[in-house]
Amino acid sequence: MKIIVLGSAAGGGFPQWNCNCRNCSGLRSGAIRATARTQSSIAVSADGQDWVLINASPDILAQIRAMPALQPERARRDSGIAAVMLMDAQIDHVTGLLMLREGKPLPLYCTAPVWHELNNTLPLAPVLSHYCGVRWHELAVGSDAASIKRLPATQVPGIEGIRFTPLALRSKAPPYSPHRERPEIGDNIGLLIEDVASGKSVFYVPGLGAIDPPVEAALRHADCVLVDGTFWSADEMVTLGFSKKRAADMGHLPQSGEAGMIAVLDSIGERRKVLIHINNTNPILDEDSEQRALLARHGIEVAFDGMEIDL
């Protein structure tokens, strides 16, 4: 199983187009050592030819250009994207669907609440019906912590030997959703992605607000975890004067603090640990920062665009 990180930043990318925080202005001027990043998405393949795109970010066209594997050129019109799977209905995870409109009918895997949003509040599916169209496949979410292997799993035609198991998360619906403050089961999921033959797995969870027993079980089960790296501190956006909302208000667990992501990752033992969906304000983007050095001491990596993971 091969995984490519297409985009590793949170919504807005890095640098964010209208932001002059220390990170964004420092990258533009060369004052800090950092690397630009597009908005978060990964691609998963069994053979390196056909891929499941997990989240379709607004940066998808740039990501396809940067990753030749997604354009295998087997025909006059071709794509390596066999299907799209969505973690939620956030703007930065779904609006790239519109950029895929010139292709064949698009197999789309998502939960019922996400599909409802895409047909009503943010009606991308009706718009796409006038172009390629969308074939919806429901992802049934599980929440039983007793056994990861008993949760409902999905296999995508053409992606042989890889199993996708969605887990319901405690997090937030998109800001535009009428149930933003009343989350529904299936608004947000994590994905346990397993190579059936080898038994190797990765747990992908770019938006994580709380560690429930099923999430902890998946973290302990996976050989590699790709987890929420949005904010360093709980009050990061408040301190910088960009928002009145704390990390928890936006559905994210910060890295620092007694119960933060570093502590969580320390508790799950030896495995590959990678932070993804990194906000432009997060000091870990500065490769010479104290925070980045602290992550390294804890054996935690920071995802970058083009990062490859083979399991």
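Quick note: structure is the one above.
Because the structure is a prediction, the values reported are computed rather than measured. (Residues numbered from 1 in each chain as written. Predicted model: local features only at pLDDT ≥ 70, side-chain atom pairs only at ≥ 80, totals over all residues. Heavy atoms only, no water.)

From N to C terminus, the chain includes nine helices and 13 strands. For a compact globule of 311 residues, the expected C-alpha radius of gyration is about 19 Å, and the chain comes in at 18 Å, within 12% of that figure. Taken along the three principal axes of its C-alpha coordinates, the chain extends 45 × 45 × 40 Å. Per-residue burial for the chain yields a buried fraction of 53% across its 311 residues. A fraction of 68% describes how many contacts in the chain between residues 6 or more apart in sequence connect residues 24 or more apart. Surface accessibility of the chain: about 13200 Å² in total, with carbon and sulfur atoms responsible for 52%. Between the mean site of the 29 positive side-chain charges and the mean site of the 35 negative ones, the chain shows a separation of 2 Å. (Helix = DSSP H or I, 4+ residues; strand = E, 2+ residues; numbered from the N terminus. Rg over C-alpha atoms; globule rule 2.2 N^0.38 Å. Buried < 20%, exposed > 50% of the residue type's maximum accessible area, 1.4 Å probe, protein only. Contact = heavy atoms within 4.5 Å. Areas by Shrake-Rupley, 256 points an atom, 1.4 Å probe, with all protein chains shown as cover. Lys, Arg positive; Asp, Glu negative; His and termini not counted. Charge placed at Lys NZ, Arg CZ, Asp CG, Glu CD.)

For the rest of this paragraph, the subject is the sheet that holds strand E11 (residues 272-276). If you walk across this open sheet you meet the six strands as E7-E8-E9-E10-E11-E12, and the pairing is mixed. Each edge of the open sheet is held by one strand with a lone partner, namely strand E7 (162-168) and strand E12 (300-302). Within the sheet, the average angular offset between the axes of one strand and its neighbour, ignoring direction, is 20°. Sheet analysis places strand E10 (residues 224-228) next to E11, joined by five bridges and oriented parallel. Following the sheet pairing, Val225 is matched in E11 by Lys273. Helix H6 (residues 213-221) contacts E7, strand E8 (189-195), strand E9 (201-205) and E10 of the sheet and is inclined by roughly 140° relative to E9. (Pairing = 2+ DSSP bridges. Axes fitted to C-alpha atoms, helices over the stretch in contact; angles between N-to-C directions.)

Tallied over the full model, the rule gives 13 salt bridges. Measuring nitrogen to oxygen at the nearest pair gives 3.4 Å for the salt bridge that ties Arg163 to Glu194. Here Arg163, found in strand E7, pairs with Glu194, found in strand E8; they are 31 residues apart in sequence, far enough to count as distant. The network of salt bridges with common partners includes Lys2, Glu308 and Asp310. (Salt bridge = Lys/Arg side-chain N within 4 Å of Asp/Glu carboxyl O.)

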